Structure formats: C-alpha cells, structure tokens
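Residue strings, one per chain:
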Amino acid sequence: PACIAGPEGSGKEHIARAIHSWSNRAGGPFFTVSCSTVTESLLAREIFGCAESVHALMPDEYGGALARAAGGTAFIDAVDRLPNALRDALGKAVADGRFQRAGDGAAIPLRARVIVSAESQLDPSPFGEVGHHAITLLPLTERREDVLPLAAHFMRLAADEEEIAPVGFM
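Right, let's walk through the structure included here. (Residues numbered from 1 in each chain as written. Predicted model: local features only at pLDDT ≥ 70, side-chain atom pairs only at ≥ 80, totals over all residues. Heavy atoms only, no water.)

1. What to know about the nonpolar core
Among the nonpolar cores identified, the biggest contains 29 residues, and Leu-66 and Leu-90 are the most heavily contacted of them. Elements that contribute at least two residues to this core include exactly strand E2 (30–34), helix H2 (40–48), helix H3 (65–68), strand E3 (73–77), helix H4 (84–96) and strand E6 (113–118). If near-sequence neighbours (up to four positions away) are discounted, Leu-90 is found in contact with Ile-47, Phe-48, Leu-66, Ile-76, Val-79, Leu-82, Val-114 and Val-116. Grouped together as the second largest cluster of nonpolar side chains are seven residues, Ile-4, Ala-16, Ile-115 and Leu-137 included. (Core = buried A, V, L, I, M, F, W, Y, C linked by side-chain atoms within 4.5 Å. Buried < 20%, exposed > 50% of the residue type's maximum accessible area, 1.4 Å probe, protein only. Helix = DSSP H or I, 4+ residues; strand = E, 2+ residues; numbered from the N terminus. Contact = heavy atoms within 4.5 Å.)

2. A look at helix H1 (residues 12–21)
Within H1, burial applies to Lys-12, Ala-16, Ala-18 and His-20. In this fold, the buried residues of H1 make contact with strand E1 (2–5), E2, E3 and E6.

3. Considering the packing of aromatic side chains
Counted under the stated rule, the structure contains two aromatic pairs. A ring pair is formed by Phe-48 and Phe-99, whose centres lie 6.4 Å apart and whose planes are at 45°; its orientation type is tilted. Of this pair, Phe-48 sits in helix H2 while Phe-99 is found in strand E4 (residues 98–99), placing the two residues 51 residues apart along the sequence. When sorted by exposure, Phe-48 lands in the same class as Phe-99, which is buried. Directly above the ring of Tyr-62 sits Arg-45, whose terminal nitrogen or CZ lies 3.8 Å from the centroid. (Phe/Tyr/Trp six-rings, centres within 6.5 Å; stacked < 30°, edge-to-face > 60°. Lys NZ or Arg CZ within 6 Å of the ring centre and 35° of its normal.)

4. Overview of the environment of Ile-47
Examined against the element boundaries, Ile-47 turns out to sit in helix H2. Given the relative accessible area of 1%, Ile-47 is considered buried. Put simply, Ile-47 and Gly-63 are 16 residues apart on the chain and 8.4 Å apart in space, counted from C-alpha to C-alpha. Every residue in contact with Ile-47, bar those within four places of it in the chain, is listed here: Val-33, Gly-64, Ala-65, Leu-66, Ile-76, Leu-82 and Leu-90.

5. Regarding the pattern of salt bridges
In the structure shown here, the tally under the stated rule is seven salt bridges. Ionic pairing is found between Glu-46 and Arg-45, a salt bridge with its closest N-O pair at 2.8 Å. You'll find Glu-46 and Arg-45 in the same group, each marked buried. Between Arg-101 and Glu-61 there is a salt bridge, with its nearest N and O atoms 3.3 Å apart. Of this pair, Arg-101 sits in the loop between E4 and strand E5 (108–109) while Glu-61 sits in the loop between H2 and H3, and the two are 40 residues apart along the sequence. Among the charged side chains, a network of salt bridges with common partners joins Glu-61, Arg-101 and Asp-104. (Salt bridge = Lys/Arg side-chain N within 4 Å of Asp/Glu carboxyl O.)

Right, dumping it as structure tokens:
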C-alpha cells in the first residue's frame, strides 16, 4: 500500500496511476473513489460494496472499489475526509487481507493494491502498523521546473484525444 500526501493539484492521482502502471498489476483495473465527491452515507458502499437491499434507493448488490479493483489498484482519494470508522475499516482490510461488504457477513479476499491520498501526511496512518510507502508531494508553486514538462504532457494527451498534432507553446 501507499499513502500520497500533497496539496490539491499537486498530482497525487497521477503518481498513483504511475505506481499502478509500473507494477505487475498494470494489466488490472485502476479504480478510484473520491471521498470528497461521494456523500458520507455512500462511502462505505463505494469502497467496500454492499449486499442486495442494503440501500433502499439502490437495492441491487454492489461491488465496491476493493472488489472491482481486484488484480489492480484501488485508489482512495482524499482519505483524510473519510470518517474515522471507515478509515479504520480500510486499515483493517489491508492488514487482514480481507474485507466485508455492508449487509454481508462473508469475508472477501482483498486482491487489490490500495493507494490513498490526503492533503497532508496522516498521523496515524490509515494503514496502521502495516508497512507502506509514504510519498509527499510539494505544491507546483515550489516545483516550478515541473510546470513546463507537465503542460507539455497534458497538451500531448489533449492532442491525442482530439487526434491532432500538438504545436507547442509560444
């Protein structure tokens, strides 16, 4: 597991995707849950999943990020906004190598790498005593030498998407 800390816009998800793509899990899925865009009442469902009829408005069973990312990487963005009980459950899942869906007593093997991000390093770590990598990113204002290569990278991605040739910066 890994915990990536840095201010908004510093590239945490890009680092997580790089870790995934350079690993032996690169052929597996990369599944993201943003704790800042999902309502607190649905975060457990999005991360751990749920059995049928747990949520009245969404009665079907649901495989959360940990199950859907099997063989790949589950990226939990803004884990510092995750309620403590869910953060503890995530740490326990990583430590035990298994987790439970809401409304289901069966243990499901954790077959995904878990990478989390936060605005700053968390103390205690969401992974508890489990060994993990801690990566801290500086804001782009302190990494001015990265701005032009990043701009060129994103321009290339946009050009590829539009199927046009990038021409560079003036």
